[in-house]
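# Residue-level structure breakdown
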Amino acid sequence: MSPDLPLLIVSVLATALLVALVSVWRRYAEFRADHDRRLKQARGESVRLSRSALLGNAVEQIVPIAPAFCDRFSPSDARFLGSPVDYVIFDGLHRGQVDRVVFLEVKSGARASLNRNEREVRRAIDERRVEFEVLALASPARGRALE
């Protein structure tokens, strides 16, 4: 065996190890770059969706001044709930005579479908499962019901 053979074997193994490490490092760098790109995309999408939701909430709050609303209802008859429906409208209340009570859901943008809770409220109304109740609370000072 030549004295240079062990040195040659060590050199070949060291070179192979170095090539493997460089290959792993490149893959890791590609993975990091892809990860960073996807993270940036996800953050951008999150900001876009958040802005869209905030705009939708703002529109819901100011809808009583919109012509489409004012053509059908008096803004003073509307009471904002926000969830599970946006408004309860006591149509005619401003005149002192409520003609009807309307549950109104405001939708803006491309997605105008009702969510599960909104559909359940609509179903309860459609099935006439609507009631009016009075809850009399006892006054802490006198022990009488508040009127």
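Structural data are supplied above this passage.
Only a predicted model underlies this, so the values are computations on that prediction, with no experimental measurement involved.

## Description of the pairing of strand β2 (residues 87-91)
Counting buried residues along β2, 4 of its 5 residues qualify, which places the element largely inside the surrounding structure. By the bridge criterion, 3 bridges tie strand β1 (residues 78-80) to β2 in an arrangement that is antiparallel. In the sheet register, R79 faces β2, and the bridge partner there is V88. Here β1 folds back onto β2 in antiparallel fashion, the turn holding 6 residues, of which G82 has a positive phi close to 90 degrees.

## Let's talk about the sheet that holds β2
Spatially, the 3 strands line up as an open sheet ordered β1-β2-β3, and their pairing is antiparallel. In this open sheet, the two edge strands, each paired with only one partner strand, are β1 and β3 (100-104). Shown here is a sheet whose adjacent strand axes are inclined to one another by a mean of 20 degrees, direction ignored.

## Digging into helix α3 (residues 116-126)
Of the residues that open α3, the one with a side-chain oxygen 3.0 Å from the backbone nitrogen of N117 is N115. Phi turns positive one or two residues past the end of α3, at R128, with a value near 60 degrees.

Thresholds applied
Residue numbers here run from 1 along each chain, matching the order of that chain's written sequence. pLDDT decides what is reported in this predicted model: residues at 70 or higher carry local features, side-chain atom pairs at 80 or more are listed and counted, and totals for whole chains, interfaces and linings draw on all residues regardless. Working from all heavy atoms in the structure, the side-chain values ignore hydrogens and water. Using a 1.4 Å probe on the protein chains alone, a residue whose accessible area is under 20% of its type maximum counts as buried, one over 50% counts as exposed, and one in between counts as partly exposed. Per the convention used, a helix needs a DSSP run of H or I reaching at least four residues, while a strand needs a run of E reaching at least two, with both numbered from the N terminus. Strand pairing is assigned whenever DSSP identifies at least 2 bridges connecting the two strands. Interaxial angle, 0 to 180 degrees, is taken between N-to-C directions of lines fitted to C-alpha atoms, where a helix line uses only the stretch in contact. Counting of polar contacts relies on pairs of N or O atoms within 3.5 Å, with two restrictions inside protein: one atom must be capable of donating a hydrogen and the other of accepting it, and residues adjacent in sequence are counted only when both atoms are side-chain atoms.

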